[in-house]
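Given next are the chains, with one letter for each unit.
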Amino acid sequence: MSQTLLLIGPLLPSVMDTLESTYTVHRYWESTDKDALLASIADSCIGVVTDGGNGVSADILKKLPAVKIVSVFGVGVDAVDLAWCRDHGIGVSNTPDVLSDDVADMAMALALAVSRQLVVGDQYARAGKWPAQGAMPLTRRVMGKRAGIYGMGSIGKALAMRLEGFRMPISYCNRSPRSDSDNYTFVASLEELASQVDYLFVTAAATAGTIGSIDAGVLDALGPDGYLINVSRGTLVDEVALLSCLQEKRIAGAGLDVFADEPNIPPAFFTLDNVVLQPHNASGTWETREAMGKLVLDNLAAYLAGQPLLTAVV
Ligand code: 8YV
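Fair warning: this is a prediction, and the values are worked out from it, not measured in the lab.

What counts and how
Residues numbered from 1 in each chain as written. Predicted model: local features only at pLDDT ≥ 70, side-chain atom pairs only at ≥ 80, totals over all residues. Heavy atoms only, no water. Axes fitted to C-alpha atoms, helices over the stretch in contact; angles between N-to-C directions. Helix = DSSP H or I, 4+ residues; strand = E, 2+ residues; numbered from the N terminus. Parallel < 35°, antiparallel > 145°, perpendicular 65-115°, else oblique. Left-handed = near helix turned anticlockwise from the far one by under 90°. Contact = heavy atoms within 4.5 Å. Nonpolar A, V, L, I, M, F, W, Y, C, P; charged D, E, K, R; others polar. Near = heavy atom within 4 Å. Polar contact = N/O pair within 3.5 Å; in protein donor to acceptor, adjacent residues only side chain to side chain. Areas by Shrake-Rupley, 256 points an atom, 1.4 Å probe, with all protein chains shown as cover.

Trainee: How would you sum up the packing of helix α1 (residues 13–22) against helix α12 (residues 286–304)? Please name residues and give values.
Mentor: At a minimum axis distance of 9 Å, the contact between α1 and α12 shows a crossing angle of 20 degrees. Considering their axes alone, α1 and α12 lie roughly parallel with respect to each other. The chirality of how α1 crosses α12 is right-handed. Packed against α1, whose contacting residues are S14, V15, T18 and L19, the element α12 presents E290, G293, L297 and L300 at the interface. Residues that form the contact of α1 with α12 fall into these classes: four nonpolar, three polar and one charged.

Below, the structure is given as structure tokens:
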């Protein structure tokens, strides 16, 4: 008899195919009576598979006392109740590293797009304004500007490599200085980092210590020539403050892949031409999503074989 799993939301079709041909999988998001579903698998369900956005709450885990592993399709585990998992001996795995290059690419792409006004230029070209009105307004150079990275983990380091190619001096803010980042300047205070750079890249995980940390003070420190690029979690940023700063040109612009209440984006962002928006798609390439899916499956297999999780968070 195959093991029983709960799948919280849809994943890449190939990953769901493998999951469903290997295990008995219950699709939580499709269930019309979720409590009845949880009650029916309470004794048998040994694992939960979920993505970074949905995670899994203690409310669900409470109803599934046999669960011993939560395998997350994503590096961010802020939507998983980690305290509950720790207290109840549930292992949690995520998918770090395999997505770092694509997320760093997206950060770089957003910095270029908002500075060089790629979306505005595209609309200008498509609307036929070039022959009618001549050249579009000038934009801002990225090359050689000062970069600040908030969160020097695997994604931050992948981004730093790219920024070096743009000959950008790099400073970073992290819980502590990193011995493998000697070429970069450690700045303990986020506000101080913001005041020293032209681009503030957000690559830190969402934790109690980082949520809400990019507030009006940090944005004003970044200043009218500074850009905010966020590929981490929207919850790190005070979105109301960010909107005011963008509307009042207290910062130059923002490139945002993530939002506080996904998939809902505050409509005020849609009226601004100093932002470039993405629907949380930094890891959204076939290559990376396949690699993430493999890690989700490999972690489940490791648990069932009595082996340590490959990429354990808890
Ligand atoms: C994914 C993410 O978009 O890794 C993360 O934490 O947020 C993203 O890579 C998400 O988990 C997939 O739905």
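On we go from here.
Trainee: Requested: an account of the site of the ligand, with residues and values cited.
Mentor: Near the ligand, the surroundings consist of D51, G52, F73, G74, V75, G76, L99, R233, H280, S283, R289 and M292. Interatomic distance of 2.7 Å between a side-chain N/O atom of H280 and an oxygen atom of the ligand. Here the ligand, which alone exposes 330 Å², has 86% of that area covered by the protein. Grouping the constituent residues of the shell around the ligand by class yields four nonpolar, five polar and three charged.

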